[in-house]
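Each chain is listed here by its residues.
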Amino acid sequence: MTLSIRPATPADLPLIAQFIRDLADYEKLAHEVRFDEAKLGEKLFGQRPYAEVVIGEIDGVPQGFALFFHNFSTFEGRPGLYLEDLFVRPEARGSGLGKALLAHLAKLCTERDCARLEWSVLDWNAPSIGFYKSLGARMMDEWTVMRVDGEALAKLAVT
């Protein structure tokens, strides 16, 4: 079995879209998926990409992906990477692909002089939490995620 990680290309857009839908199904959030595939492609591969994607393959067959972007730590005075989505198809779990994707991002962090790699995980997702902890990740229990979107975002924008 050969694991490989490669940067996504515009030709991967339908695959990325399917991985996102599959992740949403797994997280019981399919009802939240609203993206337009063409617009997603523009934001990932257009003139100003907002995020990057790597594809994880087993024996040349795409089995997972990671979508990430830079953030910045003022305390560290350095950038970081934020992992927005990590997904490995159920039949490929346990193969080491998830760890390979995270290791690839960790390597990018060191190459890009990033201070940290961060992500969120649903609190009910015990298998993923256990996996992340086994890699040395720690829970940031003292932080609460805040979000403004939809109507509240539009209202705030005009205040």
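Please read all numbers here as calculations on a predicted model, not as lab measurements.

Asks: In this structure, what is going on with the sheet that holds strand E1 (residues 3-7)? I would like to understand it.
Replies: Within a sheet, each strand pairs with its neighbour through backbone hydrogen bonds, oriented either parallel or antiparallel. As summarised here, the arrangement of the five strands in space is E1-E2-E3-E4-E5, forming an open sheet in which the pairing is mixed. At either end of the open sheet lies a strand with only one pairing partner, and these are E1 and strand E5 (117-119). The average undirected angle you get between the axes of adjacent strands in this sheet is 30 degrees.

Asks: Explain the nonpolar core to me, please; I cannot follow it from the model alone.
Replies: Nonpolar side chains tend to gather and get buried jointly when the protein is soluble and globular. One finds Ala66, Phe68, Leu81, Leu83, Leu86, Leu101 and Leu105 to be the most contacted residues of the largest nonpolar core, which totals 17 residues. The element contributing the most residues to this core is helix H3 (residues 97-111), with six residues. If we ignore the near neighbours within four places in the chain, the residues touching Leu105 are Ala66, Phe68, Leu81, Leu83 and Leu117. Counting residues in hydrophobic clusters, the runner-up holds 15 residues, among them Ile16, Leu23, Ala51 and Phe87.

Asks: Just to check I follow, could you spell out the pairing of strand E4 (residues 78-88) for this structure?
Replies: Both faces of the sheet carry side chains from a regular strand, because those side chains alternate between them. For E4, the buried fraction is high: eight of the 11 residues fall into the buried class. Taken together, the 10 bridges between strand E3 (residues 61-73) and E4 define a ladder with antiparallel strand orientation. Opposite Gly64, over in E4, you have Val88 as the bridge partner. Turn length for the E3-E4 hairpin, with the two strands adjacent in sequence and antiparallel, is four residues, and the turn residue Gly77 shows positive phi of about 70 degrees. Note: E4 against E5, three bridges, orientation parallel. Bridge pairing in E5 links Leu83 to Trp119. A crossover connection joins E4 to the parallel E5 through H3; in handedness this β-α-β unit is right-handed.

Asks: Is there a simple way to explain H3 in this structure?
Replies: Taking 1.5 Å of rise per residue, the 15 residues of H3 would be expected to cover 21 Å, and the 21 Å separating its terminal C-alpha atoms lies within 8% of that figure. Within the span of H3, buried status applies to Leu97, Gly98, Leu101, Leu102, Leu105, Leu108 and Cys109. Along the long axis of H3, the arc covered by the buried residues comes to 145 degrees, so they all point the same way. Turned more than 90 degrees away from the buried face of H3, the exposed residues are Lys107, Thr110 and Glu111. Buried residues along H3 sit against E1, strand E2 (52-58), E3, E4, E5 and helix H4 (126-134).

Asks: So what exactly am I meant to see when it comes to unusual backbone geometry here?
Replies: Most peptide bonds take the trans form, and the phi angle of most residues other than glycine is negative. Its identity as a non-glycine residue notwithstanding, Asp59 has a phi of 50 degrees, on the positive side. Within the fold, Asp59 resides in the loop between E2 and E3. The exposed category is assigned to Asp59, whose relative accessible area is 51%. Notably, Asp113 is not glycine yet its phi reads approximately 55 degrees, a positive angle. Relative to the helices and strands, Asp113 is located in the loop between H3 and E5.

Rules of the game
- Residues numbered from 1 in each chain as written.
- Predicted model: local features only at pLDDT ≥ 70, side-chain atom pairs only at ≥ 80, totals over all residues.
- Heavy atoms only, no water.
- Pairing = 2+ DSSP bridges.
- Helix = DSSP H or I, 4+ residues; strand = E, 2+ residues; numbered from the N terminus.
- Axes fitted to C-alpha atoms, helices over the stretch in contact; angles between N-to-C directions.
- Core = buried A, V, L, I, M, F, W, Y, C linked by side-chain atoms within 4.5 Å.
- Buried < 20%, exposed > 50% of the residue type's maximum accessible area, 1.4 Å probe, protein only.
- Contact = heavy atoms within 4.5 Å.
- Right-handed = clockwise from strand over helix to strand, strands pointing away.
- Expected span 1.5 Å × (residues − 1).
- Arc of directions from axis to C-beta.

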